[in-house]
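The chain contents come next:
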Amino acid sequence: MTDPLDQRAGRTIPTGEQGRHGDAVSCPARWGPYADPDPYADPGPYADPDPCAGQGPYAAAEDSAVRERFAERPSSRYGPRRAHARQPKKRRRLRRAVLVLLAVVAVAAGGTYGWAETRLQRDVDLGAYGDRPPPGEGTNYLIVGSDSRDGLSEDDAKELHAGGGGGRRTDSMMLLHTGAHGTSMVSLPRDSWVTVPGRLDTSTGKTKWPEGDKLNAAFSYGGPELLVHTVEKNTGLRVDHYAEIGFAGFVNIVDAVGGVRMCLDRDIKDEKSGADLLRGCHTLNGKQALAYVRQRHQEKEGDLGRSRNQQKFLASLAHQAAQPDTLFDPLEIGPAAQAGLDTLVVDKGMSLRDLGRMFRAVQSIAGGHGKQLIVPVSGMGVPTPKGNVLKWDPRRSVQLFDDLRHDRPVTETGNPPRP
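Residues numbered from 1 in each chain as written. Predicted model: local features only at pLDDT ≥ 70, side-chain atom pairs only at ≥ 80, totals over all residues. Heavy atoms only, no water.

## Focus on the environment of K391
Then comes step 1: Note that K391 resides in strand β17 (residues 389-392).
Then comes step 2: According to the relative accessible area criterion, K391 is partly exposed, its value standing at 35%.
Then comes step 3: Sequence separation between K391 and G381 is 10 residues; the distance between their C-alpha atoms is 8.6 Å.
Then comes step 4: Every residue in contact with K391, bar those within four places of it in the chain, is listed here: W193, V377, S378, G379 and V382. (Helix = DSSP H or I, 4+ residues; strand = E, 2+ residues; numbered from the N terminus. Buried < 20%, exposed > 50% of the residue type's maximum accessible area, 1.4 Å probe, protein only. Contact = heavy atoms within 4.5 Å.)

In structure tokens:
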């Protein structure tokens, strides 16, 4: 039997299909192509499931759409949140954490930068003597290791075999060139025979004429300014920046980075420098490292052999200082930076950025991305009124410095002649 209300609604109920109250159920009109959903349907909490759900030609598509819409909704307080609903909040927390970390790093870096700026000793006037070469291409640094005892007690000086008295002489001098064709480090042996330019002798008040002498004598006569002037006059290169470190600073830096790994191909024992090292690989502390870079009496090539050792050690030191466990550890890099800055003497125009570029250039050489060589020499142990000296090869040395001045690829190897 058909209910009149069902007839007015367009529903026909076949016999035998019973609904909830015993009536038959049929759904053909509802799923017609133009059928609209009932706006007054109330899916309350006690509503029966729709007996026609899942029927009709569009049922599968509708069910899929419903599931997708449900998946996009944030879960309610009546049930657990889904993973996708938690992800945006996780991402926001992660972004906030990253921003806070960056802010802390920026503040710390700014504070460290300001502190370091105040520690640099900008004492050297590169243009004190005037008459300088014109600027070349690339950048030239003069790196000097002096025998300054500043910061050493008498007991320290004795233990390090640093000798007595004051004075300030050079134990090593290196020209570091950076440019479009990479980095080159050129050692200038301290016994090199050069022309020391004319100057005013501050001890006598008299004018000194240009004279031949050892390169390290220029430093003794007039400090860093006369040394820079002498290097510029004998190489034709303009020195853009100067950096010098003494005994105390050298020892402190090596100790602060935890020592420097060096491999020796023979035993080294030298009473004057205090070097007492066995063949093989060692991690040298500050005292051992200073003795190693100063010794030359055990080297077949004398001052040339010492220059090579100094280059190797400087590159290894830069490599060690740039290791992640040193560079990013405040307990490691802090003491190393303080040890270096406290005894580092630089030119008046040197900034921390320039100092960083110099450090990275030395590090690149340690990584094999540059050239290490000694200025070409034509004679060793040449007797002069100032003692035995090294003489630069006039043709090869001129070619080397000309390449550096014009920032051309360096072809010189710096191999010395046989003694």
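## Observations concerning the state of the cysteines
Then comes step 1: Evaluation of the coordinates by the stated rule reveals one disulfide.
Then comes step 2: Bridging C263 to C281, the disulfide has an S-S length of 2.0 Å. The chirality of the disulfide connecting C263 with C281 is right-handed, given an S-S dihedral of about 105 degrees. Linking C263 in strand β10 (residues 260-264) with C281 in strand β13 (residues 280-284), this pair joins segments that are 18 residues apart in sequence.
Then comes step 3: For C263, a relative accessible area of 51% translates into the label exposed. (Disulfide = S-S within 2.5 Å.)

## Considerations on the side chain of D191
Then comes step 1: Note on placement: D191 falls in the loop between β4 (182-187) and β5 (193-196).
Then comes step 2: The buried category is assigned to D191, whose relative accessible area is 10%.

## With respect to the side chain of R190
Then comes step 1: Mapped onto the fold, R190 is located in the loop between β4 and β5.
Then comes step 2: Judged by relative accessible area, which is 16%, R190 ranks as buried.
Then comes step 3: Those residues within four positions of R190 in sequence are excluded, and the remaining contacts are T170, D171, M173, K214, L215, N216, D303 and R306.

Everything listed here is a matter of geometry and, on its own, says nothing about what the molecule does.
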